[in-house]
Amino acid sequence: MALSILQRNNVKVLGDGEETLILAHGFGSDQTAWRYQIPELQARYRIVLFDHVGAGKSDFNAYSPRRYSSLYGYAEDLLDLCAALKLNQCSLVGHSASGMVSLLAALVEPDRFSKLIFISASPRYLNDVGYVGGFEQSDLDALYAAMSSNYYAWASGFAPIAMGNPDKPELATEFANTLAAIRPDIAQAVARMIFQSDHRADLPKLKVPTFILQSSDDVAVPMQVGQYMAANIPKSQYIPIDATGHLPHLSAPDTVSKAIATCLSS
Amino acid sequence: MFVKLNPNLHFQWLLSRLRLHHPDWLPTFRPFLAALCSLLVGLGMLEGWGTVRLLSLVLLLVCAMLPLSGLIVIAGVAIALIGTALICSNGLLTRHLLEPISVAVFGTVVGQFLRRVEWKLASQQILESLTQPKENGTAETLIGTAVSLLQDFTGADAAIALRQLDSVTAEALVCLPRTALPNQLTNPALFTAALEQNRSLFHSNYPAVEDASHVLLAQGVRSLAILPLQGSDNLRGAILLIWHRQTNLSDDLQQFTASLLSELRTLLQFCDTTLRLDKLQARFGAMLETIHQGVVFMDESGEQSWLNQAAAEQLGLPPGAIDPPMIAQAMATLRTQASNTAEITVQGAKLFSQPQATIRNWNWIFDYPQPKVLSVSSTPTRVRDVPGRLWLFDDITEQYLAQKELLERTQELSQTNTKLELAKVEAEAATRAKSLFLANMSHEIRTPMNAIIGMTELLLDTRLIPRQREFLETIYQSSNTLLTIINDILDFSKMESGKLELEHQPFDLRMCVESSLDLLASKAAEQGLELAYWVHPQAPNRLLGDTTRLQQILVNLLSNAVKFTKTGEIVVSVTPFPDPHPQSSNPQSLHKILFTVKDTGIGIPADRMHHLFKSFSQVDASITRQYGGTGLGLAISNQLSEMMGGQMWVESGGKLAGNPPLQWNPPWREQPLQQQHLESPLLAEQGSTFYFTITAAADSNSSSTSDTDIAQLQPELTGKQVLVVDDSPINRQILTLQAQSWGMVVHAVASAREALSLLGAKQPFDLAILDMQMPQMDGLTLGEMIRQQTPYQHLPLVLLTSMGKPDNMAAAAVEFAACLTKPVKQSQLYNTLIRVLGTQPIVIKPSQGTLEIDPHLAEQYPLKILLAEDNLVNQKVALLMLQRLGYKADVVSNGLEALKALQDQKYDLVLMDVQMPEMDGLEATRSIRQNYLLERCPRIVAMTANAMRGDREECLQSGMDDYISKPIQMQDLLRVLTQQQSSTHVLPAVLPVSEPTIDTKVLQSFRAMAGEQSAAILTELIDCYLEEAPKLIEEIDAAIAHSDAITLRRAAHTLKANSATLGAIAFSNACKELELLGRNCSPDNGSKGHSENNSNSNVNNCLAQGGDQATRLKLDYEQVKSALQLERHQE
């Protein structure tokens, strides 16, 4: 069981610090997205890297559209992973969708985690009464339509928008490549599931101390979302960082690395 | 199963368990027990039982009612006993204590028994409540009820019903309470083990279990029961019963759940089936309402019948389940409204003739209220042995109308097609008529032309005053020109109508070029033009193609060049042309050859060049007046070269026109191949150069002896020093190249002065080639001067003259080794040089320029001629022409008459017109060939005015031997008459076609031996032979007849030797056979011991086979005779 989970999620464990730090990637990328942070963090922490099912080098056969029809499936995978590695009181950095995944996991088994660090995470992407999520339903419908008509064209168009930082086009190319590496049917189902999710009600239940790293000009996660989460998660801290776009750990690696280090040592 | 004995914990547990309806609390027996106990206590008090006894009763009740495990009771009793024993050793007390202890044990046992009964009852109760029919009892609510009851009876904190969705996903169907799982979805790994073992798993201490679900643990699960649910149809699931406190899962509980499991399984399956049914129903309903077709179902039981929305509209009924009679009624009404009711009825009777028939495309057509066409289909069904029918009403109005329209259109189209076919037939007929008209035209024009040219020719041969001769020559030339024009027009018409076909015969490229030059040579010489040609050594000589048409192009270009060039020279060169797309399959056999005709004439104005290759177009109308011509020649040549797989283009004044190939570079840009050899003195701006290419396959069958020999180095010529004196640079160049190609060392000079100075330097020359016409000093004078120099008194001299001036030679004081007419033919030059340098004196016959008419030809070639010709004028012309050669001919005017004449007497030659009344020439020929034996069969030569292609083939196929086209030219007639005896068809079995009657080499070598007197000697020899040979043949004949082997041998031997001397090799061999026969059959040869009679009869038999040979010999002799007569005539 333990072995199959490690294979299923392509789990890698680096470094041998006493404290364990899980780095969880977001939608459209994989564990390689953390490569800029690893060298600095590896010295002090035991780092656990993994790919969500359907991404990177995970076992694509393990993908089930039913199991992953909500973020909870991923949360359960994360808890499986913690159980397999016998992790308790570890820290976790979750990017984008992995923010809510780790939140759900921490609600089920709070003792697994001592700290959560969200990067570009959002409990709800759709605007609502009194809530700014960043998207209207019509925006998202257009996005789904573009994805289903020509996924690869969509990926190459969506990547630069999500990445931001037009001065570094190579970043967008990289993101487009990892997006294109996902099986189109999986990508569409997962994107729809993430964008339609609403975990605002789960925020107040979180007991684990949480740091919310918020970059500017993030097309998917406006500033208001970070602030909303900070206001609703009991033990949370809102930390704006000097980076732009939805993938700051790639576009401003040093800034993000420092911010993570600060959060972890506090 | 181990339970800690913690009283505090037990107390709490007891409190939490204090649910009085729980089977452990004996909800059924409790009142009875309590009542019984109360009764007994009351009775005991009345009886005055001791306190201990009364307490024992209470203890009994408590022990029976409390859900304590047997172990606890036993342990308690043990502790009590030991404690009592330790505290006091009083026997009485022990005795008193024994009573309550035994009561407690008994009570516990009773309690356990009752509890078991209670669980059974609970199980029954649950089953009862589940199987009770409920209103709105969906599968979900049922399973919800079941799980809820289970939870209630087992006292579980939570109960979950799970169903596996896929290998990694399970869905919670029922979750009590709702928060029992963090999410509706979870991992099926929770119940996999239970499913595999197919039994319920009970974990009293779940955290201790390996592989315990951390999610459940996180939810606070301490004890867990997993009840697997597995049914058919891949249904997999489980019911989880969860206790948040560690709970002893008693055997009663386990048995209780096991007894319920199968029922739950059925329930879950029912749930699943219902779900599927719902889905199916939704799908089915959506389909029925989505399709345009009306669907009606009826079964024969009359219970089942329904129709969809579309059918309801068509039948005017409400959709859904309808009584069958109503539907049947509606369908009948609809059918009677159709406009084709009768047709429907007929079809229906046919369709329903079989009970289980499947009906398709039963069209019901309606005109009212609006046009509508329904295609009715019906399929028989059978559900649980009840037959039924499914009807489909498809509205195909649009298709039907479209199809109807299509049908009409198709009919129209086929009508149009028929018309087109008719028009095509008419057009083809018109084309045939056109061709026929052309053929007739050709015939009609040629007939009078024949008369004009023939008569003029004859008239020219009569005594005339110069003025008359001048007029006649003009007429003669004009007639010939007119004939050329007519031929051009005919050719052109044929091309336009695609009727021109090319031959595909092997031919000699050099010979083709040379004969083209021959035709123009005299005219060029008259104008004082130099005519030269050069064939590249690498150009293949034997080709497959149409030599006549190639010659036509060349003659056309040459005659144009001669026409438009006043002074200077005309050079023809033939070079292989690099093909950019060689045929990969057979790269060697296909060759592209470039022909260049270059002149120094007036050139072509740039603005007129593009009209050149167009039909009926000349450069200038004024040119037409000045130079004449139809303007068709170039157009024809252009098309011919295209038909030969080539192109034609022209260059003049640095401008190009026509169709030059892409890779071709004009000579002023890049020197092409031939220009590297021929450094032409002509500038590009001067004159004009016509180019054309052809693609032809090399004749693979030819042994190609002559040309390869010429192309290779010759030992006789290699290293020989030759002096070439010619003022024409191009001639000089060509001669040099040719001589060099044979390995000779060439010194070429432009004038006599240079030549003399070279000779003065005492150069050791082997040969000198002198041009006749040179400025300052001509060839003759130069020859004389050379002879005056001592070292060169015996230097062989070869003189080059232009045609038309051969007579100067006779006056020359100098003896020339050879005299060649320009343009010098390569083979001729080669032969000449070989002979000259081979130290053999050569007798050069002056080229026969004009045709000499021998009025005594008939004496040499006596022939009996029959002329079959219907046209009186043509009769006259032919007779007169024959007469001039000393022949008389019998005349008939059609084929039938010809046949009759042949029956009366033997003819040697029939000149047969093709188009004649009664019986045409072809049919007559076929008849002659069928009816006459070979030796009696005359030679038949067609005379036709038809110039259309195919005539020649038709004539030869019908069995004719040769073909002359009208107007009859004297040359053609001569050829036919003199070739008469060397006819090949006469005895093809004896003489192979390839073997000549007379081997000229023999005669040539004889001439060489005899020297100056050769001609006279040869003539005498031939005369002598012709006199002797018939006598010898007579002897042979007689010898065979008289079986005289010795005479036969001698005569045959003599004839053999004589014939061989004169080169009649084949004839000689035939004689040799007879000689051998005579030798073999002679009596002194191996048959000495036989009697005379025997011997004679043997010889008879032996020589009998010689009879045939002798007959053949006589026929052969006729050939030899005529051939020798020809030779004699030429001497």
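**With respect to the overall build of chain B**
In terms of regular secondary structure, chain B is built from 37 helices and 30 strands. For chain B, the residues scored as buried account for 45% of the 1131 residues in total. Counted over contacts in chain B with a minimum sequence separation of 6, partners at least 24 positions apart contribute 67%. When the accessible area of chain B is evaluated, it comes to approximately 58,500 Å², of which 55% is carbon and sulfur surface.

**Some details on the pattern of salt bridges**
Under the criterion given, the structure shown has 23 salt bridges over all chains. In this structure, Arg66(A) and Asp166(B) form a salt bridge, with 3.9 Å as the shortest nitrogen-oxygen distance. A residue pair is termed interchain when its members come from two chains, as with Arg66(A) in the loop between strand E3 (45–50) and helix H3 (71–84) and Asp166(B) in strand E1 (residues 158–166). Ionic pairing is found between Lys1056(B) and Glu1075(B), a salt bridge with its closest N-O pair at 3.2 Å. With Lys1056(B) in helix H34 (residues 1045–1061) and Glu1075(B) in helix H35 (residues 1065–1081), the pair connects residues that are 19 residues apart, well separated along the chain. Through salt bridges with shared partners, a single ionic network connects Arg8(A), Arg67(A), Glu76(A), Asp77(A) and Asp80(A).

**Some points on the environment of Leu43(B)**
With respect to the helices, strands and loops of the structure, Leu43(B) is situated in helix H2 (residues 30–47). In this structure the C-alpha to C-alpha distance between Leu43(B) and Leu54(B), which are 11 residues apart in sequence, comes to 9.9 Å.

**Observations concerning the interface of chain A and chain B**
Listed as interface residues are 15 residues of chain A and, on the opposing side, 14 residues of chain B. Taking both partners together, chain A and chain B bury about 1,300 Å²; carbon and sulfur atoms supply 57% of that area. Three residues stand out in chain A for area buried against chain B, namely Arg66(A), Arg67(A) and Tyr72(A), and they jointly supply 41% of the buried area on that side. One can count one salt bridge joining chain A with chain B.

**A closer look at the confidence of the model for chain B**
Keep in mind that low pLDDT regions are not for reading the predicted coordinates in detail. Residues and elements named next belong to chain B. Confidence along chain B averages 77 in pLDDT terms, with 82% of residues attaining 70 or more. Note on residues 1–5: pLDDT is under 50 here. Beyond four places in sequence and across chains, it has eight contacts. Here residues 1086–1094 is a poorly scored stretch, pLDDT under 50, and it has three contacts once near neighbours within four places are set aside; other chains count. Across the interfaces of the predicted complex, the ipTM metric reaches 0.87, alongside a pTM of 0.45.

**Some thoughts on the packing of helix H5 (residues 137–149) of chain A against helix H6 (residues 151–163) of chain A**
The relative placement of two packed helices comes down to the angle between their axes together with the axis-to-axis distance. Residues and elements named next belong to chain A. Where H5 meets H6, the axes come as close as 5 Å, and the angle between the chain directions of the two elements is 130°. By the angle between their axes, H5 is oblique relative to H6. Contact with H5, carried on its side by Leu143, Ala146, Met147 and Ser149, involves Tyr151, Trp154 and Phe158 of H6 and no other residues of that element.

**Some remarks on helix H21 (residues 729–741) of chain B**
Because each turn of an α-helix spans 3.6 residues, side chains separated by three or four positions end up pointing in the same direction. Residue and element names in this part refer to chain B. Here H21 contains 13 residues, and its C-alpha end-to-end distance of 18 Å stays within 8% of the 18 Å for a straight helix at 1.5 Å per residue. Regarding H21, the residues found buried are Ile730, Asn731, Arg732, Ile734, Leu735, Thr736, Leu737, Gln738, Ala739 and Ser741. At the N-terminal end of H21, a side-chain oxygen is found 3.2 Å from the backbone nitrogen of asparagine 731, two or three residues along, and the residue is serine 728.

**Considerations on the pairing of strand E20 (residues 688–698) of chain B**
Residues and elements named next belong to chain B. The element E20 is extensively covered by neighbouring structure, given that nine of its 11 residues are classed as buried. When strand E15 (residues 542–545) meets E20, the two strands line up antiparallel, connected through two bridges. Opposite leucine 544, over in E20, you have alanine 697 as the bridge partner. Bridging between strand E17 (residues 590–599) and E20 involves nine bridges; their strand directions are antiparallel. Residue leucine 590 lies in a different strand from E20, and its bridge partner there is alanine 697. In terms of strand pairing, strand E18 (residues 648–652) meets E20 through five bridges, oriented antiparallel. Paired with valine 650 across the bridge in E20 is phenylalanine 690.

**A word on the pairing of E18(B)**
Residues and elements named next belong to chain B. Within E18, five of the five residues are buried, which leaves it mostly tucked inside the rest of the structure. Side chains Met648, Val650 and Ser652 project from E18 onto one buried face, and the interleaved Trp649 and Glu651 project onto a second face that is buried too. Direction of pairing for E18 relative to strand E19 (residues 655–658): antiparallel, over a ladder of four bridges. In the sheet register, valine 650 faces E19, and the bridge partner there is alanine 657. From the end of E18 to the start of E19, which pair antiparallel, there are two residues, and glycine 653 there has a positive phi angle of about 55°.

**Focus on the confidence of the model for chain A**
On average, residues of chain A score 91 in pLDDT, and 99% of them reach the 70 mark or higher. When mean pLDDT is compared element by element in chain A, strand E4 (residues 90–95) of chain A scores highest at 95, while helix H1 (residues 2–8) of chain A scores lowest at 79.

**Observations concerning the packing of helix H33 (residues 1014–1041) of chain B against H34(B)**
Residue and element names in this part refer to chain B. Contact geometry for H33 and H34: axes closest at 9 Å, N-to-C directions at 155°. Taken together, the axis directions place H33 and H34 in an arrangement best described as roughly antiparallel. Once H33 is placed against H34, the crossing between them reads as left-handed. Two secondary-structure elements touch here, H33 through Tyr1025, Ala1029, Leu1032, Ile1033, Glu1035, Ile1036, Ala1039 and Ile1040 and H34 through Thr1047, Leu1048, Arg1050, Ala1051, Ala1052, Thr1054, Leu1055, Asn1058 and Ser1059. Of the residues contributing to the contact of H33 with H34, the split by class is 11 nonpolar, four polar and two charged.

Conventions used here
Residues numbered from 1 in each chain as written. Chains lettered and ligands numbered in written order. Predicted model: local features only at pLDDT ≥ 70, side-chain atom pairs only at ≥ 80, totals over all residues. Heavy atoms only, no water. Helix = DSSP H or I, 4+ residues; strand = E, 2+ residues; numbered from the N terminus. Buried < 20%, exposed > 50% of the residue type's maximum accessible area, 1.4 Å probe, protein only. Contact = heavy atoms within 4.5 Å. Areas by Shrake-Rupley, 256 points an atom, 1.4 Å probe, with all protein chains shown as cover. Salt bridge = Lys/Arg side-chain N within 4 Å of Asp/Glu carboxyl O. Buried area = accessible area lost by both parts, 1.4 Å probe. pLDDT = per-residue confidence, 0-100. Axes fitted to C-alpha atoms, helices over the stretch in contact; angles between N-to-C directions. Parallel < 35°, antiparallel > 145°, perpendicular 65-115°, else oblique. Expected span 1.5 Å × (residues − 1). Polar contact = N/O pair within 3.5 Å; in protein donor to acceptor, adjacent residues only side chain to side chain. Pairing = 2+ DSSP bridges. Left-handed = near helix turned anticlockwise from the far one by under 90°. Nonpolar A, V, L, I, M, F, W, Y, C, P; charged D, E, K, R; others polar.

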